[in-house]
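Breakdown of the fold
Chain by chain, the residues:
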Amino acid sequence: MGTFFLLAAVVGSTILVCQFVLSLLGSGDHMGADVAHDLSAGFHGGIHPGGDFHGDHPGDTHAESEEHTGSGHLFAVISFRTVVAAAAFFGASGKAALSAGYAPSTAFVLATIVGLFAMYGMYWLMRLMGSFDSYGNERIANALGRQATVYIPIPATRT
């Protein structure tokens with residue numbers, strides 16, 4: 001059991017570190033576009049058949065009311081990055097539990113719980129980082145008549 005935990009920790013950690021380094025170097029730009037995200041974009045977001053993005057139309061509440069239910073939420077959570085994070089934390093926590101003197105079955109249960117938390121934590125981080133993304137398709141007409149904060153003051157009479 002200890003070898004299994006060690007193997008999961010080494011493989012998961014190695015891939016996790018490689019992903020991080022590639023992201024820092026700029027090679028990981030498209031690594032966030034996991035299969036689960038691509039599949040869910042086809043069902044919950046992306047482009048309408050008419051070519052318009054969700055959320056572009058005034059009164060369009062589909063993007064605001066998007067909810068994952070049942071297996072749809074599970075498939076949104078499972079991606080390559082989340083599984084790699086789960087494997088790394090599963091292995092490390094399982095090995096630590098065995099080193100602390102826990103029984104192998106208890107160590108397996110603890111490692112599974114920690115791995116699931118790591119999987120969901122990575123999903124949450126990727127979703128948070130994805131919320132910072134901008135597609136550049138905002139329509140000025142949607143801003144008319146709404147309150148806003150001006151970050152750059154506009155001088156009077158073009159001075």
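Provided above is the structure to which this section pertains.
Sequence order sets the numbering: in each chain, residues are counted from 1 along the sequence as written. Where totals are concerned, whole chains, interfaces and linings use all residues; where local detail is concerned, this predicted model gives features only for residues with pLDDT of at least 70, and gives and counts side-chain atom pairs only at 80 or more. Note that the side-chain values use all heavy atoms of the structure and ignore hydrogens as well as water.

**Regarding the overall build of the chain**
In terms of regular secondary structure, the chain is built from 5 helices and 0 strands. Comment: elements are numbered from the N terminus, with helices defined as DSSP H or I runs of at least four residues and strands as E runs of at least two. Ordered by position from N to C terminus, the α and β elements of the chain give α-α-α-α-α. By the burial criterion, 21% of the 159 residues in the chain qualify as buried. Only heavy atoms matter for contacts: two residues are in contact if any of them lie within 4.5 Å across the pair. The long-range share in the chain, meaning contacts at least 24 apart out of those at least 6 apart in sequence, stands at 71%. Total accessible area computed for the chain in this model is approximately 11500 Å², and 67% of it derives from carbon and sulfur atoms. Note on classification: 1.4 Å probe, protein chains only; a residue is buried when its accessible area is under 20% of the maximum for its type, exposed when over 50%, partly exposed between these limits. Using a 1.4 Å probe, the Shrake-Rupley method yields the accessible areas, and only the shown protein chains count as cover for residues.

**Digging into the packing of helix α4 (residues 80-99) against helix α5 (residues 104-130)**
Fitted lines through C-alpha atoms serve as axes, helices being fitted only where they are in contact, and the angles separating the N-to-C directions of these axes extend from 0 to 180 degrees. Two elements in contact, α4 and α5, have axes whose closest approach is 7 Å; the angle formed by their N-to-C orientations is 150°. Taken together, the axes of α4 and α5 lie roughly antiparallel to each other. The two elements α4 and α5 meet at a crossing, and its hand is right-handed. Put simply, angles under 35 degrees are roughly parallel, angles over 145 are roughly antiparallel, angles from 65 to 115 are roughly perpendicular, and the rest are oblique. Crossings are assigned a handedness: left-handed for a near helix turned anticlockwise from the far helix by less than a right angle, right-handed for a clockwise turn.

**Here we look at the environment of F89**
Looking at where F89 falls in the secondary structure, it is placed in helix α4. Looking at F89, the relative accessible area reads 44%, which means it is partly exposed. Here the alpha-carbon distance between F89 and V114, two residues 25 residues apart in the chain, equals 6.5 Å.

**Brief notes about the packing of aromatic side chains**
Any two of the Phe, Tyr and Trp rings considered here, Trp counted by its six-membered ring, make a pair once their centres fall within 6.5 Å; the pair's planes then place it as stacked at under 30 degrees, edge-to-face at over 60, or tilted in between. All chains considered together, the criterion is met by 5 aromatic pairs. An aromatic cluster is present here, built from F4, F5, F90 and F108 joined pairwise through their rings.

**Observations regarding the environment of A87**
For A87, the position within the fold is in helix α4. With 75 residues separating them along the chain, A87 and G12 place their C-alpha atoms 5.1 Å apart. Dropping the residues within four chain positions of it, A87 is found in contact with A8, A9 and G12.

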